[in-house]
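Summary of structural features
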Amino acid sequence: MTTHKAHCLILPYPGQGHVNPMVQFSKRLQSKGVKITIVPTKSFLKNMQELPTSMSIEAISDGYDDCGLEQAGSYAAYLTRFEEVGSITLAQLIQKLTNSECPVNCIVYDPFLPWAVEVAKNFRLVIAAFFTQNCAVDNIYYHVHKGVLKLPPTQADQEIIIPGLSSTMEASDVPSFAINPEAEVILELLMNQFSNLDKVDCVLINSFYELEKEEIDWMSKLYPIKTIGPAIPSMYLDKRLHDDKEYELNMFKPMTDECLNLLNHQPISSVLYASFGSLAKVEAEQMEELAWGLKNSNKKFLWVVRSAEAPKLPKNFLDELTSEEGLVVSWCPQLQVLEHKSIGCFLTHCGWNSTLEAICLGVPMVTMPQWSDQPTNTKLVQDVWEMGVRAKQDDKGIVRREVIEECIKLVMEEKGKVIRENAKKWKELARNAVDEGGSSDKNIEEFVSKLVTIS
Ligand code: UDP
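The present account deals with the structure reproduced in this document. (Residues numbered from 1 in each chain as written. Predicted model: local features only at pLDDT ≥ 70, side-chain atom pairs only at ≥ 80, totals over all residues. Heavy atoms only, no water.)

Notes on helix 7 (residues 183–191)
Heads up, the condition is: Residue burial is assigned from relative accessible area. The probe radius is 1.4 Å, only protein chains are included, and a residue is buried under 20% of its type maximum, exposed over 50%, and partly exposed in between. Labels follow the DSSP assignment, with helices taken as runs of H or I lasting at least four residues and strands as runs of E lasting at least two, numbered in each case from the N terminus. Between two residues, a contact is recorded if the distance between any of their heavy atoms is within 4.5 Å.
Buried residues of helix 7: I186, L187, L189, L190 and M191, and no others. As for helix 7, its buried residues are in contact with helix 4 (75–98) and helix 6 (135–145).

With respect to the packing of helix 10 (residues 284–296) against helix 15 (residues 401–412)
Test applied: Interaxial angle, 0 to 180 degrees, is taken between N-to-C directions of lines fitted to C-alpha atoms, where a helix line uses only the stretch in contact. If an angle is under 35 degrees, it is roughly parallel; if it is over 145, roughly antiparallel; if it lies from 65 to 115, roughly perpendicular; otherwise it is oblique. Should the near helix be turned anticlockwise from the far one by less than a right angle, the crossing is left-handed, and should it be turned clockwise, the crossing is right-handed. Gly is placed with the polar residues, together with every amino acid not listed as nonpolar (Ala, Val, Leu, Ile, Met, Phe, Trp, Tyr, Cys and Pro) or charged (Asp, Glu, Lys and Arg).
The interhelical angle for the contact between helix 10 and helix 15, taken along N-to-C directions, is 40°, at an axis separation of 8 Å. Classed by the angle they form, the pair helix 10 and helix 15 counts as oblique. Taken as a pair, helix 10 and helix 15 cross one another with a handedness that is right-handed. Facing Q286, E288, E289, L290, W292, G293, L294 and N296 of helix 10, the residues of helix 15 in contact are R401, I404, E405, I408 and K409. Residues belonging to the contact of helix 10 with helix 15 are distributed by class as follows: five nonpolar, three polar and five charged.

Considerations on the packing of aromatic side chains
The cut-off we apply is this: Two aromatic rings from Phe, Tyr or Trp, using only the six-membered ring of Trp, form a pair when their centres are within 6.5 Å; if the ring planes differ by under 30 degrees the pair is stacked, by over 60 it is edge-to-face, and anything between is tilted.
If you walk through the whole model with that rule in mind, you get 17 aromatic pairs. When the ring of F25 is compared with that of F447, the centres are 6.0 Å apart and the planes differ by 45°; the resulting orientation is tilted. Taken together, the positions of F25 in helix 1 (residues 16–31) and F447 in helix 17 (residues 439–454) put the pair 422 residues apart, joining distant regions of the chain. By relative accessible area, F25 is classed as buried at 1%. Ring centres 5.5 Å apart and planes at 65° place the aromatic pair F82 and W115 in the edge-to-face group. In this pair, F82 is assigned in helix 4 and W115 in the loop between strand 4 (106–109) and helix 5 (116–122), connecting sequence segments 33 residues apart.

Description of the side chain of N134
The criterion, for reference: In protein, a polar contact means a hydrogen-donor-capable atom and an acceptor-capable atom, both N or O and within 3.5 Å, with residues adjacent in sequence counting only if both atoms are side-chain atoms; elsewhere, any N or O pair within 3.5 Å suffices.
For N134, the position within the fold is in the loop between strand 5 (126–131) and helix 6. Relative accessible area serves as the criterion here: at 0%, N134 is assigned to the buried category. Of the polar contacts made by the side chain of N134, one reaches the backbone nitrogen of A136; its length is 3.2 Å. When near neighbours in sequence (up to four residues on either side) are disregarded, N134 contacts I205, E212, W352, N377 and L380.

What about the pattern of salt bridges?
So the rule is basically this: For salt bridges, the criterion is a side-chain nitrogen of Lys or Arg within 4 Å of an Asp or Glu carboxyl oxygen.
Inspection of the entire model under this criterion finds 25 salt bridges. Of the charged contacts, one joins K27 and D244 as a salt bridge, the two residues approaching to 2.8 Å between their closest N and O atoms. Taken as a pair, K27 in helix 1 and D244 in the loop between strand 7 (225–227) and helix 9 (256–263) lie far apart in primary sequence, 217 residues in all. For the pair K27 and D244, one class covers both residues: buried. Between D238 and R240 there is a salt bridge, and its shortest N-O distance comes to 2.9 Å. Look at D238 and you get buried, because its relative accessible area is 9%. Bridged by salt links that share partners, the residues R28, K32, D238, R240, D435, D441 and E445 form one connected network.

Quick word on helix 4
Rules: To estimate the expected span of a helix, count its residues, drop one, and scale the result by 1.5 Å.
If you check helix 4, its first and last C-alpha atoms are 33 Å apart, about what 24 residues at 1.5 Å a residue would give, namely 34 Å. Turning to helix 4, its buried residues are Y75, Y78, L79, F82, V85, G86, S87, T89, L90, L93, I94 and L97. Packing partners of the buried residues in helix 4 comprise strand 1 (6–11), strand 2 (34–38), helix 3 (69–72), strand 4, helix 5 and helix 7.

Structural notes on the site of the ligand
To keep things clear, this is the line we draw: We call a residue near a given molecule or strand whenever any one of its heavy atoms falls within 4 Å of it. We get accessible surface area from the Shrake-Rupley algorithm with a probe of 1.4 Å; when it comes to residues, only the shown protein chains can shield them.
Surrounding the ligand, one finds 18 residues, the nearest of these being S278, C332, N353, S354 and E357. Within the contact set of the ligand, a nitrogen atom lies 2.7 Å away from a backbone nitrogen or oxygen of C332. In this structure, an oxygen atom belonging to the ligand sits 2.6 Å away from a side-chain N or O atom of E357. Isolated, the ligand exposes 540 Å² of accessible area, and the fraction of that covered by the protein chains is 93%. Contributing elements (two or more residues each) for the shell around the ligand: helix 1, strand 8 (271–275) and helix 13 (352–361). Examining the composition of the shell around the ligand, we find that four residues originate from one element, helix 13, more than from any other.

Some words on the packing of helix 6 against helix 8 (residues 213–220)
Two elements in contact, helix 6 and helix 8, have axes separated by 9 Å at closest approach and are oriented at 45°. Looking at the two axes, helix 6 sits oblique to helix 8. By crossing handedness, the relation of helix 6 to helix 8 is classed as left-handed. Counting all contacts with helix 6, which are made through C135, A136, D138, N139, Y142 and H143, the residues of helix 8 involved are E215, I216, W218 and M219. Looking at side-chain class alone, the contact of helix 6 with helix 8 contains six nonpolar, two polar and two charged residues.

What to know about the nonpolar core
Under the convention used in this document: Take the buried residues of types Ala, Val, Leu, Ile, Met, Phe, Trp, Tyr and Cys, join any two whose side-chain atoms come within 4.5 Å, and each joined set is a nonpolar core.
Core analysis: the largest hydrophobic core is formed by 98 residues, its most contacted members being Y109 and I359. No other element matches the eight residues that helix 4 contributes to this core. Residues contacting I359, with those up to four places away along its chain left out, are F208, L211, M365, W385, M387, A423, W426, K427 and A430. Grouped together as the second largest cluster of nonpolar side chains are 29 residues, V282, L294, A391 and C407 included.

A word on the sheet that holds strand 11 (residues 343–348)
Here is the rule: When DSSP finds two or more bridges between two strands, those strands count as paired.
Ordered by their spatial adjacency, six strands build an open sheet running 10-9-8-11-12-13, and the pairing between neighbours is parallel. Looking at which strands have only one partner, the edges of the open sheet turn out to be strand 10 (326–329) and strand 13 (388–390). Recorded for the sheet is a direction-independent mean angle of 15° between the axes of neighbouring strands.

Comments concerning the side chain of Q286
Mapped onto the elements, Q286 comes out in helix 10. According to the relative accessible area criterion, Q286 is buried, its value standing at 5%. Aside from chain neighbours lying at most four places away, what touches Q286 is M368, G397, I398, V399 and I404.

A word on the environment of A72
As for its position among the elements, A72 is in helix 3. For the pair A72 and F82, spaced 10 residues apart in the sequence, the C-alpha separation amounts to 9.9 Å. The residues touching A72, leaving out its near neighbours within four places in the chain, are Y64, A77 and Y78.

Structure representation (structure tokens):
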């Protein structure tokens, strides 16, 4: 029988970009002797293409077991019921596992679900919040929560100085929720991440010290911060966990063979990879500009357009697209793609996971942020880490085809040399952070020791 040092429940918010890093962090804990139980919602679990074999899974209910958020009608209704039903079913689960061979003594929860803290307190668990955004973004939300900063900023051209950030921001660099009709509810959800953060034992962040030194030092004065990232499969970083090759809870089925068939036959750094993640809904006009921007760049491209987004592609685009020009797929194995030698640039919406993956694999970026934390990630990529360029919108909020074409050429051709060198530098630093003795590895070790001593 295996004996474990501790037993940790992992409670992610049910979204691909939240589940991925939390499951990856779990694998690191597991490799250091901690038993893991992943706690998704029943509705999220229903949509999974496959399930991890190496960890136990116990689902709770968000009150909408058939289709989750879609079933709820509104985000506000969803979050209210999730808190009600989620609190009860989480407590029942902890109770059940308390009587098991290896009782639960810790919860790592997503601060999108702050009610988990109250539930865990009742069972005297060690409590750790896991922020799936980077530290700069967390800092901005903290200041909005404290009432020091207002989102959206009142003046478009105003320079925004935020304590603890390594660069000044403009309105177009701070998180934006304008395109979502439920912007207020979402902003409240983000502020609530801090509502009871003073009650937790540890605040984990999916970033690494070398990437955000100033931000991390500043936030560490307020909370017991530990950066533990990049939380991506070990085989793309330090290669110490041999079985850890992929994210294991996938909402969509990747078209792996099609993607690799294309990439395997191309020259080094010659292909552009484009994807806007698992959630973004791109306007039809933007989709058209993007399609022509990709075509006109004259670089071979691999473009992920999710099935729900495909009807917005320009008429006849797919029929007329030749294999010489590129390939459109509904989902791809993104890490495998970014790691591939033939990839030369990532055109991305700058979701934090995608950004971090590009950093880990040393792929320079052209960014087209859509909303949420993506504008801030973009600002960091372009001006702080200097490993990409932002394709700027016009007054109508659309990035035009000429701008897209120009940015792709800038990154992939002669002028992009410095950007490409910086990308290589960050790749190295990311790997060092999680490798033995690196900043994130040490923090994970310390976290595990804390679990053993507090519990
Ligand atoms: N992803 C993938 N295949 C795709 C597109 C995306 O596996 O074709 C993964 C990607 O590797 C990342 C996640 O989906 O881990 C998207 O997370 P991110 O934070 O970038 O964006 P979100 O989907 O939350 O907007």
